[in-house]
Amino acid sequence: MTEIRNIVVLTGAGVSAESGVPTFRAADGLWEGHRVEDVATPQAFRRDPALVQQFYDARRAFLAKVEPNAAHLALARLDAAWPGEFLLVTQNVDDLHERAGSQRLLHMHGELKRALCTGCGAAPAWLDALEDGPPCPNCQAAALRPDIVWFGEMPYHMAEIEEALAACDLFVSIGTSGAVYPAAGFVDVARRAGAATLELNLDPSAGTSMFDTARHGPAGILVPAWVDGLLASIKA
Ligand code: OAD
């Protein structure tokens, strides 16, 4: 086996499921009861800004009720201990990875705890509601929207992510259905770069056959076990 030095981990909603954050596509998931087109597109925001702000205001407020779980904590442990390059790319807009202690982390779909000013482009940290149209701390315009990447918009940090994928020896996908691109295509980019690939998910994702290895079960069990094995291998 090639020696592993550089690791890229991709996480999705499944990594936060055991913290009580709903996933998107489960029967009782976040998109159940909401049409994606009503709350997660720029057109929806233009059509009914109050509805969209309420949807994300509620999700932002809900973050106060949840805590990182064993999977978030294990990934933070790996980040702190791993001597090679390490990058955690999350599709999640919650803040559970950073609250667990992850440092080498990119939010490719934005963050609930950040606002985006459609006037001046500032992206201030934001903990309160946006529905009442508070002024942007930079330009004072009442033009703040959630700093969330909606369908039809370009995910963040793509150049940095693609560079890390091209240089990684191991790509691990955790808790994501593989339904949304470009994240669903990362496994293919990593494979072409010669990396080993591992899926850790509750059940087989849409792209499961593209992974060298797939383990299915709850992230709170699978992720700590994988991290412990990897860290033991560098001490051996
Ligand atoms: P999904 O809801 O599509 O998929 C969640 C995945 O996590 C599923 O494959 C579940 O089987 C798995 N899962 C559920 N509970 C789990 C657990 N305890 N342990 C491990 N896996 C578990 O969510 P994402 O793949 O993250 O984008 O969705 C991708 C993107 O689609 C989101 O970032 C969001 C959404 O539309 C935007 O809003 C831009």
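Residues numbered from 1 in each chain as written. Predicted model: local features only at pLDDT ≥ 70, side-chain atom pairs only at ≥ 80, totals over all residues. Heavy atoms only, no water.

> I'd like to hear about the overall build of the protein, residue by residue, with values.
Helix and strand counts for the protein come out as nine helices and eight strands. Here the C-alpha radius of gyration of the protein, 18 Å, is about what a compact globule of 236 residues would show, namely 18 Å. C-alpha atoms of the protein, sized along the principal axes, occupy 55 × 35 × 30 Å. The buried share of the protein, reckoned over its 236 residues, is 50%. By sequence separation, contacts in the protein at least 24 residues apart represent 64% of the contacts at least 6 residues apart. For the protein, the exposed area adds up to about 11,200 Å²; of that, 54% sits on carbon and sulfur atoms. (Helix = DSSP H or I, 4+ residues; strand = E, 2+ residues; numbered from the N terminus. Rg over C-alpha atoms; globule rule 2.2 N^0.38 Å. Buried < 20%, exposed > 50% of the residue type's maximum accessible area, 1.4 Å probe, protein only. Contact = heavy atoms within 4.5 Å. Areas by Shrake-Rupley, 256 points an atom, 1.4 Å probe, with all protein chains shown as cover.)

> An account of the site of the ligand is needed here, citing residue identities and associated values.
In the region of the ligand, 23 residues are neighbours, and Phe24, Arg25, Thr176, Ser177 and Asp203 sit closest. Asn201 places a polar side-chain atom, nitrogen or oxygen, 2.9 Å from an oxygen atom of the ligand. The separation between a nitrogen atom of the ligand and a polar main-chain atom of Ala219 is 2.8 Å. Protein contacts shield 91% of the accessible area of the ligand, which totals 790 Å² for the unbound molecule. Comparing atom positions with the cavity grids shows the ligand to sit within the largest pocket. Class assignment of the residues belonging to the shell around the ligand gives a composition of 10 nonpolar, 10 polar and three charged. (Near = heavy atom within 4 Å. Polar contact = N/O pair within 3.5 Å; in protein donor to acceptor, adjacent residues only side chain to side chain. 1 Å grid on protein atoms, 1.4 Å probe; cavity = no way out; pocket = protein on both sides within 12 Å on 5 of 7 lines; lining within 4 Å. Sits in = over half its atoms within 2 Å of the grid points. Nonpolar A, V, L, I, M, F, W, Y, C, P; charged D, E, K, R; others polar.)

> How would you sum up the packing of aromatic side chains? Please name residues and give values.
Applying the stated rule across the entire model yields four aromatic pairs. Here the aromatic rings of Tyr56 and Trp150 are separated by 6.1 Å at their centres, their planes lie at 45°, and the arrangement is tilted. Of this pair, Tyr56 sits in helix α4 (residues 49-62) while Trp150 sits in the loop between β5 (144-148) and α7 (158-166); the two residues are 94 residues apart in sequence, bridging distant segments of the chain. Tyr56 gets classed as buried once you look at its relative accessible area, which sits at 1%. Among the residues examined, Trp150 registers a relative accessible area of 2% and is labelled buried. Relative to Phe211, the ring of Phe171 lies with its centre 6.3 Å away and its plane at 20°, an arrangement referred to as stacked. Here Phe211 lies in the loop between β7 (196-201) and β8 (213-216) and Phe171 lies in strand β6 (residues 170-174), a separation of 40 residues in the sequence. The buried category is assigned to Phe211, whose relative accessible area is 11%. (Phe/Tyr/Trp six-rings, centres within 6.5 Å; stacked < 30°, edge-to-face > 60°.)

> Talk me through the pattern of salt bridges; I want residue IDs and the actual numbers.
Scanning the model with the defined rule gives 10 salt bridges in all. With a shortest N-O distance of 2.6 Å, Lys113 and Asp95 are connected by a salt bridge. A residue pair is termed long-range when its members are at least 10 positions apart, and Lys113 in strand β4 (residues 110-117) and Asp95 in the loop between β2 (86-90) and α6 (96-100) qualify at 18 residues. Its relative accessible area of 7% is what places Asp95 among the buried residues. Linked by salt bridges that have partners in common, Glu67, Asp95, Arg99 and Lys113 make up one network. (Salt bridge = Lys/Arg side-chain N within 4 Å of Asp/Glu carboxyl O.)

> Please set out the layout of surface pockets residue by residue, giving values where relevant.
Taken as a whole, the largest pocket encloses approximately 770 Å³ of empty space. If you list the elements that add at least two residues to the lining of the largest pocket, you get α1 (14-17), α4 and β7. (Points joined across faces, edges and corners; volume = space filled by probe spheres on them.)

> Can you break down helix α5 (residues 70-81) residue by residue, with the values?
Relative to the 16 Å expected for 12 residues at 1.5 Å per residue, α5 spans 16 Å between its end C-alpha atoms, a close match to the ideal helical length. Turning to α5, its buried residues are Ala71, His72, Ala74, Leu75, Ala76, Leu78 and Asp79. Between the side-chain oxygen of the N-cap and the backbone nitrogen of Ala71 there are 2.7 Å, and the N-cap of α5 in question is Asn69. (Expected span 1.5 Å × (residues − 1).)

> Lay out the environment of Glu3 with the relevant residues and their values.
Within the secondary structure, Glu3 is located in the segment before β1 (7-11). For Glu3, a relative accessible area of 62% gives the class exposed. When the C-alpha atoms of Glu3 and Asp188 are compared, they prove to be 20 Å apart, with 185 residues separating the residues in sequence.

> For the packing of α5 against helix α9 (residues 219-235), give the residues involved together with the corresponding values.
Running from amino to carboxyl end, α5 crosses α9 at an angle of 20°, the nearest separation of the two axes being 7 Å. Judged on the interaxial angle alone, α9 and α5 are roughly parallel. Every pair of crossing elements has a handedness; the one defined by α5 and α9 is left-handed. Contacts between α5 and α9 involve Ala70, Ala71, Ala74, Leu75, Arg77, Leu78 and Ala81 on the former and, on the latter, Ala219, Gly220, Val223, Pro224, Trp226, Val227, Asp228, Leu230, Leu231 and Ile234. (Axes fitted to C-alpha atoms, helices over the stretch in contact; angles between N-to-C directions. Parallel < 35°, antiparallel > 145°, perpendicular 65-115°, else oblique. Left-handed = near helix turned anticlockwise from the far one by under 90°.)

Any functional reading would require information that these geometric values do not contain.
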